[in-house]
Amino acid sequence: MPSSLPLLRHYIDGEFVASAKRFSNISPVDGSVIGEVCEAGQDEIDRAVAAAQAAQAGAWGRSSANERADALLRIAAAIERRFEEFVAAEVADTGRPLKQARTLDVARGVQNFRSFAELVRQAGGEFHEMRALDGNDVFSYTLRKPHGVVAVISPWNLPLLLLTWKVAPALACGNSVVAKPSEETPSSATLLAEVIHEAGLPAGAFNLVHGFGPGSAGEFLTRHPEVDAITFTGESRTGETIMRAAATGVREVSFELGGKNAAVVLADADFDKAVAGVLRSSFTNSGQVCLCSERVYVERPIFERFVTALKAGAEKLKIGCPDEEGVDMGPLISRAHRDKVLDYFALARGEGASFVTGGGVPRFGDARDGGAWVQPTIWTGLADDARCVREEVFGPVCHVAPFDADDEVVRRVNDSDYGLCAALWTRDLGRAHALSRRFRVGMVWVNTWFLRDLRTPFGGVGLSGIGREGGRHSLDFYSELTTVCVNP
Ligand code: NAD
């Protein structure tokens, strides 16, 4: 009997195409199968890369920055026209609150195309004059050119936001794109292919392939010799594998990887704002944001009071289905990821943690018990070298520890293989500037978190990544600069 479930296909050379191998798209809310997805093999990857190369030789390769900016604006408008479909797709794959999908995920998808359209129109090259030995006035200028074919590999935690954050600047700079979204979240990416098709980009300028990483679409794409640059968001270990693939042919990479981020609360902070801020930074999206705070350091005079208030706040968070009134937290992305998080809960017990709250699975007594839920969880009492304090859990959990001095907290924040971001809560801006300079991270938030001006650089140090994207930093990664020196 033919299945009534939607079949998500690849988008290659301007057409939606199916492939024989399939996998299931599973709802994290209750574990039900919500769709079938085609899995790309080497053949589909070869066709997608060939189409992308052909687009470089054709109209897309000859397009002007203004024409591409117009195309990006058409894509943004097309997402807006189908806004609620995107919201439904994002919510079906991730189980996140509807409100978050509307105000963050899909809204940012639109903004990503708009902001890079504007940026690329204004992106000029450099111009320099000099006097040559023959006395002539020589001038040099730079041309901004695409790399050619860019592979975009994206994760499941903020699917549309993170995919468009890379696809938009890659297209703005004139590259052809072959994108592979996470196998966990294929739906909004497929809709993106539909709206890009509607927006009338030349065939091959944007291609979408579905599948897994190792031995599947991700590996075939990143190993493909005709891919000129790779941009990846995901786990640090996957980044290492992709970097090895990119070494062949010395291809450029941009990596946004994991984090084990710190929030630091000074005793002079606005207490209620700091508690609300840490609740947000630890539990937003069920802790599945690379920027989430899994380590919280609180200045000793307010430590006990802070832990009590954070516990009360975490216990008030409403866990539930996307469309439930006032819901704060949905499920994790999958049962497999939930099991990984629960393994960390068990490890934390073994490492001597006190569970201030949480540590288990909520029981609903309905279909949701087949889903991927965990309770918001707070630990105290772990040593700085505990694995649970050093390794990224990527779930709704934080460890809270007291500290006594600025030098001490700087040392502990920086004692990490990761270095993505830190959040600092204080009324003393002098101390905030001094600490921000000393934290070994790519981004520091003071009295806020997750607030982004899209023109600012985004990225981390150490295991958290290579390079910066955002605003002109994205344009720099997605283009090759050629210097032309003219002696008239
Ligand atoms: P992941 O590394 O498992 O997968 C990410 C993508 O890479 C998926 O599309 C996957 O199919 C693909 N992939 C996996 N193995 C591959 C391989 N060998 N070759 C090519 N592609 C491969 O990551 P995830 O679990 O989807 O995402 C969660 C991780 O992403 C967390 O570590 C989180 O911190 C990180 N993240 C970082 C940022 C950032 O901006 N720094 C943002 C979001 C998420």
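Residue positions are given per chain, counted from 1 along the sequence in the order it is written. Residues qualify for local features only when their pLDDT is at least 70, as the model is predicted, and side-chain atom pairs are given and counted only at 80 or more; totals for whole chains, interfaces and linings, by contrast, use all residues. No hydrogens and no water enter the side-chain calculation; it runs on all heavy atoms of the structure.

(A) The arrangement of the packing of aromatic side chains in detail. For this analysis, a ring pair means two rings from Phe, Tyr or Trp (six-membered ring only for Trp) whose centres lie within 6.5 Å, classed as stacked if their planes differ by under 30 degrees, edge-to-face if by over 60, and tilted for the remaining angles. Here the structure, examined in full by the defined rule, presents 16 aromatic pairs. Measuring from centroid to centroid gives 4.8 Å for F477 and Y478, while their planes differ by 80°, and the two rings are edge-to-face. Of the two residues, F477 and Y478, both sit in the buried class. An aromatic cluster of three or more residues is present, and its members are Y11, F16 and F206. A positively charged side chain is recorded as over a ring if its NZ (Lys) or CZ (Arg) lies within 6 Å of the ring centre. The angle to the ring normal must also be within 35 degrees. When the ring centre of F355 is taken as origin, the NZ or CZ atom of R349, which lies over that ring, is 4.2 Å away. Type-normalised accessible area, obtained with a 1.4 Å probe on protein chains alone, sets the label of each residue: buried when under 20%, exposed when over 50%, and partly exposed for intermediate values.

(B) Local environment of the domain arrangement of the chain. Where each domain begins and ends is defined by an automated method or by a domain database. Each assigned domain of the chain is listed here: domain 1 (7-257 + 464-486) and domain 2 (261-453). Between the C-alpha centres of domain 1 and domain 2 there is a distance of 31 Å. In this assembly, 26 residues from domain 1 lie in contact with 30 residues from domain 2. Defined in terms of a 1.4 Å probe, buried area is the accessible area two parts forfeit on being brought together, summed over both. Of the roughly 2100 Å² buried between domain 1 and domain 2, counting both surfaces, carbon and sulfur atoms make up 59%. By the criterion of area lost to domain 2, the three top residues of domain 1 are V29, W156 and S464, representing 27% of everything that side buries. The rule for a salt bridge is simple: a side-chain nitrogen of Lys or Arg has to be within 4 Å of a carboxyl oxygen of Asp or Glu. The tally of links from domain 1 across to domain 2 stands at zero salt bridges. In protein, a polar contact means a hydrogen-donor-capable atom and an acceptor-capable atom, both N or O and within 3.5 Å, with residues adjacent in sequence counting only if both atoms are side-chain atoms; elsewhere, any N or O pair within 3.5 Å suffices. Here domain 1 and domain 2 share nine residue pairs in polar contact (both at pLDDT 80 or more) between them. Each helix is a run of DSSP H or I of at least 4 residues and each strand a run of E of at least 2, with the numbering of both proceeding from the N terminus. For the side of domain 1 that touches domain 2, the secondary structure elements donating two or more residues are α4 (83-94) and α5 (98-122). The greatest single-element share of the side of domain 1 that touches domain 2, amounting to four residues, is contributed by α5. By definition in these notes, contact holds between two residues if any of their heavy atoms fall within 4.5 Å.

(C) Region of the structure containing the packing of helix α14 (residues 406-414) against helix α15 (residues 429-438). Packing of α14 against α15 leaves a shortest axis separation of 10 Å and a crossing angle of 35°. Of the two possible hands of crossing, α14 and α15 adopt the one that is right-handed. Packed against α14, whose contacting residues are D406, D407, V410 and N414, the element α15 presents R431, L435 and R438 at the interface. Gly is put with the polar residues, along with every residue not named as nonpolar or charged; the nonpolar set is Ala, Val, Leu, Ile, Met, Phe, Trp, Tyr, Cys and Pro, and the charged set is Asp, Glu, Lys and Arg. For the contact of α14 with α15, the per-class residue count stands at two nonpolar, one polar and four charged. Between the N-to-C directions of two axes lies an angle of 0 to 180 degrees, each axis being a line fitted to C-alpha atoms and, for a helix, fitted only over the stretch in contact. Crossing handedness is defined as follows: a turn of the near helix away from the far one that is anticlockwise and smaller than a right angle gives a left-handed crossing, while the clockwise case is right-handed.

(D) Summary view of the sheet that holds strand β17 (residues 397-403). Strands sit in the order β15-β16-β17-β14-β13-β19-β20 across an open sheet of seven strands; the sheet is mixed. Of all the strands in the sheet, just β15 (354-357) and β20 (443-446) have a single pairing partner and so form its edges. Direction aside, neighbouring strands of the sheet carry axes that sit 25° apart on average. Bridging between strand β19 (residues 421-425) and β20 involves four bridges; their strand directions are parallel. Its bridge partner lying in β20, C421 is registered against M443. Between any two strands, at least two bridges found by DSSP are needed for them to pair.

(E) Representation of the state of the cysteines within the structure. Count a disulfide wherever a pair of cysteine sulfur atoms falls within 2.5 Å. Taken as a whole, this structure holds zero disulfides when the rule is applied. Free of any disulfide, C398 has its nearest cysteine sulfur in C292, 9.8 Å distant. C290 supplies the cysteine sulfur nearest to C421, a cysteine that is in no disulfide, at a spacing of 7.3 Å.

(F) Representation of the pattern of salt bridges in the model. Counted according to the given criterion, the structure contains 32 salt bridges. Note that R431 and E299 form a salt bridge whose closest N and O atoms lie 2.9 Å from each other. Of this pair, R431 sits in helix α15 while E299 is found in strand β14 (residues 293-299), placing the two residues 132 residues apart along the sequence. Using a relative accessible area of 11% as the deciding quantity, one classes E299 as buried. Connected via shared salt-bridge partners are R82, E85, E194 and E198.

(G) How the structure looks around the nonpolar core. Within the largest apolar cluster, 94 residues are counted, with the highest numbers of intra-cluster contacts made by I75, V167, L192, F206, V265, L291 and F306. It is helix α6 (residues 159-172) that contributes the most residues to this core, 10 residues altogether. Both domain 1 (7-257 + 464-486) and domain 2 (261-453) contribute no fewer than three residues apiece to this core. Setting aside chain neighbours within four positions, we find I75 in contact with F113, L171, L192, V195, I196, A199 and L201. Residue types Ala, Val, Leu, Ile, Met, Phe, Trp, Tyr and Cys, when buried and joined through side-chain atoms within 4.5 Å, form a set referred to as a nonpolar core.

(H) Focus on the site of the ligand. Whether a residue is near a molecule or strand depends on its heavy atoms: it is near if one of them lies within 4 Å of it. The environment of the ligand is formed by 32 residues, the closest being S154, E183, T238, L257 and E392. Interatomic distance of 2.9 Å between a side-chain N/O atom of K180 and an oxygen atom of the ligand. Protein contact buries 93% of the 840 Å² of open area that the ligand shows by itself. Mapped onto the shell around the ligand, the elements with two or more residues apiece are α8 (217-223), β11 (229-233) and α9 (236-247). Counted by class, the shell around the ligand contains 14 nonpolar, 12 polar and six charged residues. Two domains share the shell around the ligand, each providing at least three of its residues, namely domain 1 (7-257 + 464-486) and domain 2 (261-453). Only the protein chains shown count as cover for residues, and the accessible areas themselves come from Shrake-Rupley with a 1.4 Å probe.

(I) Structural view of the environment of I79. Take I79: it is sitting in helix α3 (residues 65-81). Judged by relative accessible area, which is 0%, I79 ranks as buried. Setting aside residues no more than four positions away along its own chain, I79 makes contact with F86, V106, G109, V110, F113, L192 and V195.

(J) Spatial organisation of the environment of W445. Looking at where W445 falls in the secondary structure, it is placed in strand β20. Residue W445 is classed as buried on the basis of its relative accessible area of 8%. Residues W445 and L424, 21 residues apart in the sequence, show an inter-C-alpha distance of 6.1 Å. In contact with W445, other than residues within four places in its own chain, are L291, C421, A422, A423, L424, F450, L451 and R452. At 2.9 Å, the side chain of W445 and the backbone oxygen of L451 are in polar contact.

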